[in-house]
Amino acid sequence: MSFTLATWNINSVRLRLPIVIDFLNTYKPDVLALQEIKCTNDQFPQKALAAAGYPHQAVNGMKAYHGVALVSRLPLSNVAAREFCAMGDARHVSATVEAGKAPATVHNFYIPAGGDEPDPDINPKFRHKLDFLAELRSWFSEPLFDSGQVITGDFNIAPHENDVWSHKQLLKVVSHTPVETDTLNAMRDERDWVDIVRKHIPETERVYSWWSYRAKDWNLSDRGRRLDHIWATRDVAGLSSNAEILRDARGWSAKPSDHVPVLARFG
DNA sequence: ATGGCGGATCTTATCCGA
């Protein structure tokens, strides 16, 4: 097996199609996982992405919100989408990447953001986020996740102190509260998932994949969070040779996504 | 100075994101 995977919360794939194409032409990942495509399956720019060299696609879209997709240079099989929390929304799509004699299955997730107030008793969005994580954790206990799996996407949680600009100031801010980070860490450890970005970038180094649109100068204030992740089962993780976060992409266009691509090389 | 912006849509107002 040998392939490069990228994940990118694109915040409208139709609006940002030109920078997606530029990214694919420049970095040439074998597989790109997109979140927040914000379109229906019919509206997904499948022809333009096929023409760019990514004819193999798995799309789980919906109107206006959320939506995920995998686009690939390599054939995809076993395409599937799972619904979580009986919400009728589009937050997961998966496919097996035919990358030689040891194929890997990639699961692309858009975990709920969770709203503002980190209290499930008064904030239904935070309740949804915790319920989603519980359902995910339960699913991961299945034998399917013993080996050969990659999970990626916008997890909407920055687990480590150095995954946020200020650990202390974000402890009560949704995405870095202890109930979220403890749950994510427990989910990782009980299934022996490997955080591929942190395998290659030491935890002592601050790294972010998201910066708010509201900052006057995102680069100067640098108040980011590492919300976008690539995890793999131990066997697949053993093959990873590199990971990077494309910080510069936050300034690539006049209208950038608030997230940047995260890439990992396997094999 | 963690929402100050920026998406889509039921568009000139509203809901959503994190």
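Above this text is the structure in question.
What comes next is a walk through the structure. (Residues numbered from 1 in each chain as written. Chains lettered and ligands numbered in written order. Predicted model: local features only at pLDDT ≥ 70, side-chain atom pairs only at ≥ 80, totals over all residues. Heavy atoms only, no water.)

Helices and strands together make up the secondary structure of chain A, namely eight helices and 14 strands. In terms of C-alpha radius of gyration, chain A reaches 17 Å, essentially the compact-globule figure of 18 Å for 267 residues. Structurally, chain A occupies a C-alpha span of about 45 × 45 × 40 Å along its principal axes. Expressed as a percentage of the 267 residues in chain A, the buried residues total 55%. Restricting the contact set of chain A to residue pairs at least 6 apart, pairs at least 24 apart contribute 68%. Within the structure as shown, chain A displays about 11,600 Å² of accessible surface, and the carbon and sulfur contribution to it stands at 48%. Across chain A, 31 positive and 33 negative side-chain charges occur, with their mean positions spaced 5 Å apart. (Helix = DSSP H or I, 4+ residues; strand = E, 2+ residues; numbered from the N terminus. Rg over C-alpha atoms; globule rule 2.2 N^0.38 Å. Buried < 20%, exposed > 50% of the residue type's maximum accessible area, 1.4 Å probe, protein only. Contact = heavy atoms within 4.5 Å. Areas by Shrake-Rupley, 256 points an atom, 1.4 Å probe, with all protein chains shown as cover. Lys, Arg positive; Asp, Glu negative; His and termini not counted. Charge placed at Lys NZ, Arg CZ, Asp CG, Glu CD.)

Below, the discussion takes up the protein's contact with DNA strand B. For DNA strand B, the set of nearby residues contains 29 residues, the closest of which are Ser12, Ala113, Arg214, Arg223 and Arg225. Between DNA strand B and Arg14, the relevant distance is 3.5 Å, taken from a phosphate oxygen to a side-chain nitrogen or oxygen of the residue. Within the contact set of DNA strand B, a phosphate oxygen lies 2.9 Å away from a side-chain nitrogen or oxygen of Tyr110. Looking at side-chain class alone, the surface near DNA strand B contains ten nonpolar, six polar and 13 charged residues. (Near = heavy atom within 4 Å. Polar contact = N/O pair within 3.5 Å; in protein donor to acceptor, adjacent residues only side chain to side chain. Nonpolar A, V, L, I, M, F, W, Y, C, P; charged D, E, K, R; others polar.)

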